Structures are given as C-alpha cells and as structure tokens.
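Remarks on the overall topology
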Amino acid sequence: MDIKVLSSGVRHSNLPESYVRPESERPRLSEVSDCENLPIIDLSLQDRQLVAQQIGDACKNYGFFQVTNHGVSTEAVEKMMCVAREFFELPVEEKMKLYSDDPSKTMRLSTSFNVNKETVHNWRDYLRLHCYPLDKYVPEWPSNPSSFKEIVRNYCIEVRQLGYRLQELIAESLGLEKDYIKDVLGEQGQHMAVNFYPPCPEPELTYGLPGHTDPNALTILLQDLQVSGLQVLKDGKWVAVKPHPNAFVINIGDQLQALSNGIYKSVWHRAITNVDKPRLSVASFLCPSDDALISPPKPLTEDGSAAVYRDFTYTEYYKKFWSRNLDEEHCLELFKNQ
Ligand SMILES: O=C(O)CCC(=O)C(=O)O
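Residues numbered from 1 in each chain as written. Predicted model: local features only at pLDDT ≥ 70, side-chain atom pairs only at ≥ 80, totals over all residues.

The protein goes by Protein DOWNY MILDEW RESISTANCE 6 in an unreviewed UniProt entry, where it is assigned to Ziziphus jujuba. Regarding the protein, the UniProt comment filed under Cofactor (unreviewed entry) reads as follows: "L-ascorbate". (UniProt positions renumbered as here; feature names shortened; annotations may be inferred.)

This paragraph deals with the overall build of the protein. A tally of helices and strands in the protein yields nine helices and 15 strands. Here the C-alpha atoms of the protein give a radius of gyration of 19 Å, agreeing with the 20 Å that 2.2 N^0.38 yields for 338 residues. Counting only C-alpha atoms and orienting by the principal axes, one finds that the protein spans roughly 60 × 45 × 35 Å. If you take every contact in the protein between residues at least 6 apart in sequence, the share linking residues at least 24 apart comes to 78%. (Helix = DSSP H or I, 4+ residues; strand = E, 2+ residues; numbered from the N terminus. Rg over C-alpha atoms; globule rule 2.2 N^0.38 Å. Contact = placed C-beta atoms within 7 Å.)

Attention now goes to the pairing of strand 9 (residues 230-234). The two faces of the sheet receive side chains in turn, since in a regular strand these alternate between them. Here strand 9 pairs with strand 12 (residues 269-271) via three bridges, running antiparallel. Its bridge partner being in strand 12, Gln231 is matched across the sheet by Arg270. The sheet contact formed by strand 9 and strand 10 (residues 237-240) spans four bridges and is antiparallel. In the sheet register, Lys234 faces strand 10, and the bridge partner there is Lys237. Between strand 9 and strand 10, which follow one another and run antiparallel, lie two residues, and Asp235 among them has a positive phi close to 50 degrees. (Pairing = 2+ DSSP bridges.)

Pairing is mixed in the open sheet, where eight strands are placed in the order 2-3-11-8-13-6-5-4. At either end of the open sheet lies a strand with only one pairing partner, and these are strand 2 (40-42) and strand 4 (107-111). Shown here is a sheet whose adjacent strand axes are inclined to one another by a mean of 25 degrees, direction ignored. Where helix 2 (residues 74-89) meets the sheet, its contacts fall on strand 5 (125-130), strand 6 (189-197), strand 8 (218-223) and strand 13 (279-287), and the angle it forms with strand 13 comes to roughly 115 degrees. (Axes fitted to C-alpha atoms, helices over the stretch in contact; angles between N-to-C directions.)

What follows is the structure in structure tokens.
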C-alpha cells in the first residue's frame, strides 16, 4: 500500500525534500514572539453592550479573539479532543480507507493542504467533514472509533450555537440588528477540519499550514492545550497564540470582512510544527449558504463610505479561493472595487 498520510506510526528522522520550503518562505521561528494580549472575552458577562464592544474592538484590531464561558460544555470539548486523538492513533490501514485528495469530497482524510496542486507539502494530516445538516452527513463520517459519530455530532450542535451567538454579537458591534448577519448568510453550512500535526524533525523548514485567511464567515478553533502552534499576523509580525484553558479561538473569515465593509479583518494565520509532540486542533467553519449575496449593509455605507468590495455570491468566492494556492495574496483583493 502506498502510504500517503504522515500519521503512519513511523517517526521521521529527516524532513523529506518535498516538505522543505525555499529559504525565503521559511517560518523564521526565532523572530516570533508570544502574543500576550490577544483579547479574551468572557461571554457570561451580563453587560451585553460591553461584550459586543469588546468583540468589535478585537475584530478591528486583531481579527482574532478568544472566548471563555462560551456555553460549549467541557464534556463535549474533552470528548471531541479525545476521539480526535483516538482517530489519528488508528492503524494506518484503517485510516487509509477514508483517504482522498479530492477537495470536493464531503468526508475525507487527507494530508498537507491540496496535494495535487501544491509544489511544497505541509506537515499535517486532516480529517475534513461536512457537518450541516447533520442527518445528511453523519452517516458518511468515520465509524471507527465507534463513539466518533455521536461525540462529534454533539460537539457540532453546541459549536453551531456558539457561532450563532457570536454572529449576533458581531452584528450588534457593527450597529446592525442582532439577526442581520445570520439573515444575510442564510442556511449556513458547517465544516470541520480535525488537524493532526505529527512531531516534525525540522520545524524551521516547513509548516503545518502556511499563512492563509479563512474563506468562510467565522471560524471556531479548539486548540490542543499541551502543544501550541497557532500563529497570527499582527502589524506585519507573526505572533504565537498560546492555548488558553477552556477557551475557543475565534477568527473572522473573509465573508465577515466583506460584510463589515472591511472594518473587521480576516487575518493571516498559520500553524507551525513541533519536534517532540504531536499537536491536534479542531477547526469548525461556519459558511454562508451558496447563494448568499455578500454586500455591505446599508448602515455601513449610508454615511458616504464607499463599498470596498463588489457584491458577490459565496459560490463565486469559494470557486475563486480554491483555484488559487493557499498562501497567495488575500483572495478578497480580487473582489475589491477600483
Ligand atoms: O491548527 C491550527 O491552529 C490552525 C488551523 C487552521 O488554521 C485551519 O484549519 O484552517
């Protein structure tokens, strides 16, 4: 069998040539400092206006923030991490039954990012699932580990609620009606990437995931508490986001940057690798319905501010995003009004 995934149980002592980035593209880890002040927002605060304001400030200044007291149960989170770990510990023969490098598949195990298109690979395996509507997609999810479907289903339900709650607060923070964003985005899709970054012999030479922005609306990331790896571009410099207990990392995707008329930022981020320990992360993406029309809300342009981007549908955007390489220019640049 041709073993394509990295999580094969074999520990690599050298980084294979196909993962080595040219000198100018390497992560330069010694220049990365810890991000000490990524906002941590307590969603249980009674003062809703204050929470919305904190979220608005974070979306403007960082594009990223963390939330605590977010309503997703500790049990759902712990079980999710546990079953994800169990999945990647399965024998490689078992995992390979789910392998595909076809990005149009709604359930697949894969590796790197887009293996058939990219020239240099990334030190990551990932399980990609569509998660909404659940009844449509759960049947095709892995049935090994045997608890996988039930655990991930429950986690998805709770995370979706959190996503809606955040979209309401984000709308309010922009001075819009609470339901504005949810209404524009329509029946939102939900996808999940369960990322597994095996120990890497030479983290200086490669990435788990190179710098990219997310093409969707909102991302809810569960990070491994033991091993860090997420880095965010802040004022032109990469900073490391240390995992915070009981928190999710939230980031604005390209669609919310466009919907906020560029006020909120869909920020570049990347995942780096680690010599000693494997790292797991679980990214949940809320995506506009295919025919959602992304256009700046009237209240954000009626003061005479020009619309920064032309109107587009999510389908149009998504096609463009996948026709490019992950680390090219910001895809939204291609939709800018002249
Ligand atoms: O693993 C991480 O921390 C980042 C994951 C990520 O950016 C993604 O799945 O798009």
